[in-house]
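# Architecture at a glance
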Amino acid sequence: MTHGEASAHGLRAPGRGPWGGGALIVIAILGVIAAVMAISGKKQVDQATPPTPEQTVEDVEAEVAEIKESAHR
């Protein structure tokens, strides 16, 4: 079957339809956007620091005091 015969029968190679080229461009653009967002998110996670033990102890003590106060009401 020649290329002309295949086209006449509606058989096309993937990505060769009327929207094939545009779809590939959109997929590429979305891939680049996703990669940039992933790199940005990873940088933010790397810059985040866990709370120090002192902060954690103070937070827990404050929560315990708040729970005790609400239990006495």
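Rules behind the numbers
- Residues numbered from 1 in each chain as written.
- Predicted model: local features only at pLDDT ≥ 70, side-chain atom pairs only at ≥ 80, totals over all residues.
- Heavy atoms only, no water.
- Helix = DSSP H or I, 4+ residues; strand = E, 2+ residues; numbered from the N terminus.
- Buried < 20%, exposed > 50% of the residue type's maximum accessible area, 1.4 Å probe, protein only.
- Areas by Shrake-Rupley, 256 points an atom, 1.4 Å probe, with all protein chains shown as cover.
- Expected span 1.5 Å × (residues − 1).
- Salt bridge = Lys/Arg side-chain N within 4 Å of Asp/Glu carboxyl O.
- pLDDT = per-residue confidence, 0-100.
- Patch = residues over 30% accessible without salt bridge, like charges linked within 9 Å, V, L, I, M, F, W, Y side chains within 5 Å.
- Lys, Arg positive; Asp, Glu negative; His and termini not counted.
- Charge placed at Lys NZ, Arg CZ, Asp CG, Glu CD.

Take the overall build of the protein chain next. Each helix and strand counted, the protein chain has three helices and zero strands in total. By the burial criterion, 3% of the 73 residues in the protein chain qualify as buried. As displayed, the protein chain has an accessible area near 6700 Å², and 65% of this comes from carbon and sulfur atoms.

Let us look at helix α2 (residues 20–47). Under the 1.5 Å per step criterion, the end-to-end length of α2 is 41 Å for 28 residues, consistent within 8% with the ideal 40 Å. Counting buried residues along α2, only one of its 28 residues qualify, which leaves the element largely exposed.

With that settled, consider the pattern of salt bridges. On inspection of all chains with the given rule, the structure shows one salt bridge. Measuring nitrogen to oxygen at the nearest pair gives 3.0 Å for the salt bridge that ties K42 to D46. In this pair, K42 and D46 both sit in helix α2, four residues apart, roughly one turn of the helix. Neither K42 nor D46 differs from the other in exposure class; each is exposed.

Regions with low pLDDT carry predicted coordinates that are not meant to be interpreted in detail. Confidence in the prediction of the protein chain, expressed as mean pLDDT, is 81, and 74% of residues score 70 or more. Mean pLDDT values for the elements of the protein chain range from 54 in helix α1 (residues 3–8) up to 93 in α2.

A few words now on a negative patch on the surface. Judged by side-chain charge, E54, E58, D59, E61, E63 and E66 come together as a negatively charged surface patch. Looking at where E58 falls in the secondary structure, it is placed in helix α3 (residues 53–71).

Nonpolar side chains collect at one region of the surface, where I25, V26, I29, L30, I33 and M37 lie side by side and expose about 590 Å² of accessible area between them. For I25, the position within the fold is in helix α2.

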